[in-house]
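# Structural description and commentary
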Amino acid sequence: QQLAGEVAFAHSTDLRIDVVRIESVVPGTIGIHLSADHGRVFGPHVGDGYHLSLGGGVWWSIVDLFGVGIAFHRGLEGGERFTVAIGPLFSNTGY
């Protein structure tokens, strides 16, 4: 609801770091990520400021095809978001 309005602009930037590469029966990678999300809503009944949230989390890619991740973000206005994502890599799950 932070970016609810007639027209919205949003952008996310992620820094992903591989921590452990697993070479076993089920190969994969475990890593951490830091991210910054920002955006703005345009319309007659909305404020004129940008919104920014910062956060990070951990992720695990399995066989470099499937991913699991947990993340926490906190907005500068005080809102918080905890997410759990599961799905194929490079889909809309945030990997």
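Residues numbered from 1 in each chain as written. Predicted model: local features only at pLDDT ≥ 70, side-chain atom pairs only at ≥ 80, totals over all residues. Heavy atoms only, no water.

### Details of the overall build of the chain
- Summing up its helical and strand segments, the chain has 0 helices and 5 strands in all.
- Scored against the burial criterion, the 95 residues of the chain give a buried share of 26%.
- Put simply, of all contacts in the chain between residues at least 6 apart along the chain, 42% involve residues at least 24 apart.
- Split by element, the accessible area of the chain, about 6500 Å² in all, is 65% carbon and sulfur. (Helix = DSSP H or I, 4+ residues; strand = E, 2+ residues; numbered from the N terminus. Buried < 20%, exposed > 50% of the residue type's maximum accessible area, 1.4 Å probe, protein only. Contact = heavy atoms within 4.5 Å. Areas by Shrake-Rupley, 256 points an atom, 1.4 Å probe, with all protein chains shown as cover.)

### Quick look at the pairing of strand β3 (residues 51-62)
- When strand β2 (residues 28-42) meets β3, the two strands line up antiparallel, connected through 12 bridges. Each residue of the ladder has a partner; that of Ala36, found in β3, is Leu54.
- With 10 bridges joining them, β3 and strand β4 (residues 66-75) adopt antiparallel strand pairing. When the sheet's bridge partners are listed, Ile62 is paired in β4 with Phe66. (Pairing = 2+ DSSP bridges.)

### Concerning the sheet that holds strand β5 (residues 80-88)
- If you trace the 5 strands from one edge of the open sheet to the other, you get β1-β2-β3-β4-β5, paired in antiparallel fashion. If you trace the sheet from one side to the other, it starts and ends with β1 (7-22) and β5, each paired once. Taken over all neighbouring pairs, the strand axes of this sheet differ in orientation by 15 degrees on average, direction set aside. (Axes fitted to C-alpha atoms, helices over the stretch in contact; angles between N-to-C directions.)

### With respect to the pairing of β5
- Bridge count between β4 and β5: 9 bridges; the pairing is antiparallel. Pairing of Phe66 across the sheet is with Pro88, part of β5.
- In sequence, β4 turns back onto β5 through a hairpin of 4 residues, with Gly78 there showing a positive phi of about 110 degrees.

### Section: the environment of Gly56
- Considering the arrangement of structural elements, one finds Gly56 in strand β3.
- Overall, the relative accessible area of 18% leaves Gly56 in the buried class.
- C-alpha separation for the pair Gly56 and Leu15, spaced 41 residues apart in sequence, amounts to 9.0 Å.
- The residues touching Gly56, leaving out its near neighbours within four places in the chain, are His33, Leu34, Ile70, Ala71, Phe72 and His73.

### Notes on the side chain of His73
- Residue position: His73 is located in strand β4.
- Note on His73: relative accessible area 6%, which makes it buried.
- Excluding residues that lie within four positions of it along the chain, His73 makes contacts with Ser35, Asp37, Ser53, Leu54, Gly55, Gly56, Gly79, Glu80 and Arg81.

### Remarks on the pattern of salt bridges
- If you walk through the whole model with that rule in mind, you get 4 salt bridges.
- For Glu23, the salt bridge goes to Arg21, with nearest N and O atoms at 3.3 Å.
- With a relative accessible area of 63%, Glu23 lands in the exposed category.
- Looking at Arg21, the relative accessible area reads 42%, which means it is partly exposed.
- Linking Asp37 and Arg81 is a salt bridge whose minimum nitrogen-to-oxygen distance equals 2.8 Å. Of the two residues, Asp37 is situated in strand β2 and Arg81 in strand β5; the sequence distance between them amounts to 44 residues.
- The class of Arg81 is partly exposed, set by a relative accessible area of 37%. (Salt bridge = Lys/Arg side-chain N within 4 Å of Asp/Glu carboxyl O.)

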